[in-house]
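Results of the structural survey
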Amino acid sequence: MEMHKKLKFTEKLSYGIADLPEAANSIIAAFLTMFYTDNIGLAAAAVGTMFFISKLFDGISDILAGILIDKTRTKWGKARPWLLWLSVPTGLSIALIFFIPQDGSKTMQMIYAFVTYNLFTSIMFTITGIARSSLLALMTQDFRERGSMASFGMFFGLAGTILGCSLTFPLIFKLGGDIRAWRILFGIYGVIVTAGLLAGFFMSKEYVTSVEATSGKEVQKISFKEGIKLFFTNKYLILALVATVLVNFVTQINSCSQTYFYKYTMGNEMLTTTLNLVSIIPILVGIVLFVGDLVKLAGGTNIYGDGDGKDFVNVSVEDMLKQNPDLILRTSHAMPEQVKEYFQQEFSNNETWQQFAAVKNNKVFDLNNEYFGMSANFNYQKGLEDLEGILYENN
């Protein structure tokens, strides 16, 4: 069991390429509603209701997919084989969405739309997505390698989404602008996704095996009922759930409505291409120039990832204690007040945190998430000034 194996570039690349279904899902979310209403003639209210019901199915399928992958035992591992088994079905399911019968009744068309949409989003995309996410822990337990893998996934997912959203309308019009054009293009997208999943399978390998598999001893497991009970007794998980639902709600509205806005309000659907390309600039600026580097620019040294080009690392409290930093800087992605409260309780009640020199010396600081959030922005100058005050006042 090579838990901390140094991964090859091709293995990290395979993890990123396997994220292409995520890009396809984002592209479908952006254009499918318009396809249904403007090309097929379905009512927007009916389509919206179908999407809402589908999300309920998607939530159930997420749980079932996790259980399925957890019970998988093959010579290729637990998660990796699902990339192979579902590579072709996933690509086909993307194309099938757009082969809705043109001459069928509205009821038949809605049934076809519901079945094919859920075949991709609730089954294929869900299983391959959870399998790919599981690979992060099954390929290595080295936090630096995981951080590097995550950056590959972020790049391919983001690049695929932006390119797809930018090129879809130009390619549709190039192919004739009719329903046949939609079918050809998303058939091509399906082939690309299939190739990405196959590359994810053939270029990767699971090096980490479970304690149960290596020791032969049965590990105590929590039942589904116990898991649900534990979930509803943890207010922070509930807050995280609420935040996730709200973020996804806003994201879904934005994805489904922007094509209509550009076409009917701005009078030019080709703006989808221009504005999608422009929107990526601040994100790339943040990733390339500023993410993870503000502490270094201010004169401090980050005990993790400094100079490695990693955006995200997964570490344990025990490992951080070994590093024993002089200062601890905390921030949040959302709900800053609730997260700050959680941090304070965790640092007060967890004896491991109380062993840190930074905690003993009251050198733990909560950063303003408007300057230090996960989303790139142009507040880096103010963030840098805040860091300079913290670092130099505590030298």
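Scroll up to find the structure this text is about.
So, here is what we can say about the structure in this document.

Reading the values: the criteria
Residues numbered from 1 in each chain as written. Predicted model: local features only at pLDDT ≥ 70, side-chain atom pairs only at ≥ 80, totals over all residues. Heavy atoms only, no water. Helix = DSSP H or I, 4+ residues; strand = E, 2+ residues; numbered from the N terminus. Buried < 20%, exposed > 50% of the residue type's maximum accessible area, 1.4 Å probe, protein only. Areas by Shrake-Rupley, 256 points an atom, 1.4 Å probe, with all protein chains shown as cover. Contact = heavy atoms within 4.5 Å. Phe/Tyr/Trp six-rings, centres within 6.5 Å; stacked < 30°, edge-to-face > 60°. Lys NZ or Arg CZ within 6 Å of the ring centre and 35° of its normal. Axes fitted to C-alpha atoms, helices over the stretch in contact; angles between N-to-C directions. Parallel < 35°, antiparallel > 145°, perpendicular 65-115°, else oblique. Nonpolar A, V, L, I, M, F, W, Y, C, P; charged D, E, K, R; others polar. Expected span 1.5 Å × (residues − 1). Bend = angle between axes of the 7 residues up to and from the residue. Polar contact = N/O pair within 3.5 Å; in protein donor to acceptor, adjacent residues only side chain to side chain. Core = buried A, V, L, I, M, F, W, Y, C linked by side-chain atoms within 4.5 Å.

Let's shift gears to the overall build of the protein. Secondary structure summary: the protein contains 18 helices and two strands in total. Within the protein, the proportion of its 395 residues that are buried is 40%. In the form shown here, the protein has an accessible surface area of approximately 21,400 Å², with 62% of it arising from carbon and sulfur atoms.

This part covers the environment of Phe-347. Considering the arrangement of structural elements, one finds Phe-347 in helix H15 (residues 336–349). Sequence-distant contacts of Phe-347, defined by excluding residues within four places in its chain, comprise Ile-328, Arg-330, Trp-353, Gln-354, Val-359 and Val-364.

Moving on, we come to the packing of aromatic side chains. Two aromatic rings are characterised by how far apart their centres lie and by the angle between their planes. Counted under the stated rule, the structure contains 22 aromatic pairs. Ring geometry for Phe-57 and Phe-114: centres 5.6 Å apart, planes at 75°, overall edge-to-face. Of this pair, Phe-57 sits in helix H3 (residues 44–70) while Phe-114 sits in helix H6 (residues 106–139); the two residues are 57 residues apart in sequence, bridging distant segments of the chain. By relative accessible area, Phe-57 is classed as partly exposed at 44%. Its relative accessible area of 26% is what places Phe-114 among the partly exposed residues. Both rings, one in Trp-82 and one in Trp-85, keep their centres 4.9 Å apart while their planes meet at 80°; by these two values the pair is edge-to-face. Separated by three residues within a single helix, Trp-82 and Trp-85 lie in helix H4 (residues 80–85), roughly one turn from each other. An aromatic cluster is present here, built from Phe-35, Tyr-36, Phe-51, Phe-98, Tyr-117, Trp-182, Phe-186 and Tyr-189 joined pairwise through their rings. A cation sits over an aromatic face here: Arg-80 above Phe-201, 4.2 Å from the ring centre. Lying across the ring of Tyr-15, Arg-132 places its NZ or CZ 4.1 Å from the centre.

What follows is about the packing of helix H2 (residues 20–40) against H6. Two elements in contact, H2 and H6, have axes whose closest approach is 11 Å; the angle formed by their N-to-C orientations is 175°. Regarding the angle of H2 to H6, the classification is roughly antiparallel. Touching Pro-21, Glu-22, Ala-24, Asn-25, Ile-28, Leu-32, Tyr-36 and Ile-40 of H2 are Lys-106, Gln-109, Ala-113, Tyr-117, Phe-120, Thr-121, Phe-125 and Thr-128, all from H6. Of the residues in the contact of H2 with H6, the class split is 10 nonpolar, four polar and two charged.

Attention shifts here to H6. Here H6 contains 34 residues, and its C-alpha end-to-end distance of 47 Å stays within 8% of the 50 Å for a straight helix at 1.5 Å per residue. Of all bends in H6, the biggest is about 35°, found at Phe-125.

Let's shift gears to the side chain of Ser-54. If you trace the backbone, Ser-54 turns up in helix H3. By relative accessible area, which is 1% here, Ser-54 ends up buried. Only 2.9 Å separates the side chain of Ser-54 from the side chain of Asn-118, close enough to count as a polar contact. Beyond its immediate chain neighbours, meaning those up to four positions away, Ser-54 contacts Phe-114, Tyr-117, Asn-118 and Ser-122.

What follows covers unusual backbone geometry. In this model, Asn-324 sits at a positive phi of 45°, which is unusual for a non-glycine residue. Relative to the elements of secondary structure, Asn-324 occurs in the loop between helix H14 (317–323) and strand E1 (328–330). Given the relative accessible area of 33%, Asn-324 is considered partly exposed. Located in the positive-phi region is Asn-362, a residue other than glycine, with phi close to 55°.

In this structure, Ile-28, Leu-32, Phe-35, Tyr-36, Trp-182 and Phe-186 are the most contacted members of the largest nonpolar core, which totals 58 residues. Mapped onto this core, the elements with two or more residues apiece are helix H1 (9–17), H2, H3, H4, H6, helix H7 (143–174) and helix H8 (179–202). If you tally residues by element for this core, the top one is H6, at 12 residues. Among all residues touching Phe-186, those that are not within four sequence positions of it are Ile-27, Ile-28, Ile-94, Ala-95, Phe-98 and Thr-168. In terms of nonpolar packing, the next biggest core, distinct from the first, is built from nine residues, Met-320, Phe-356, Ala-358 and Val-359 among them.

Note that every value here comes from positions in space, so none of it alone points to a role or purpose.
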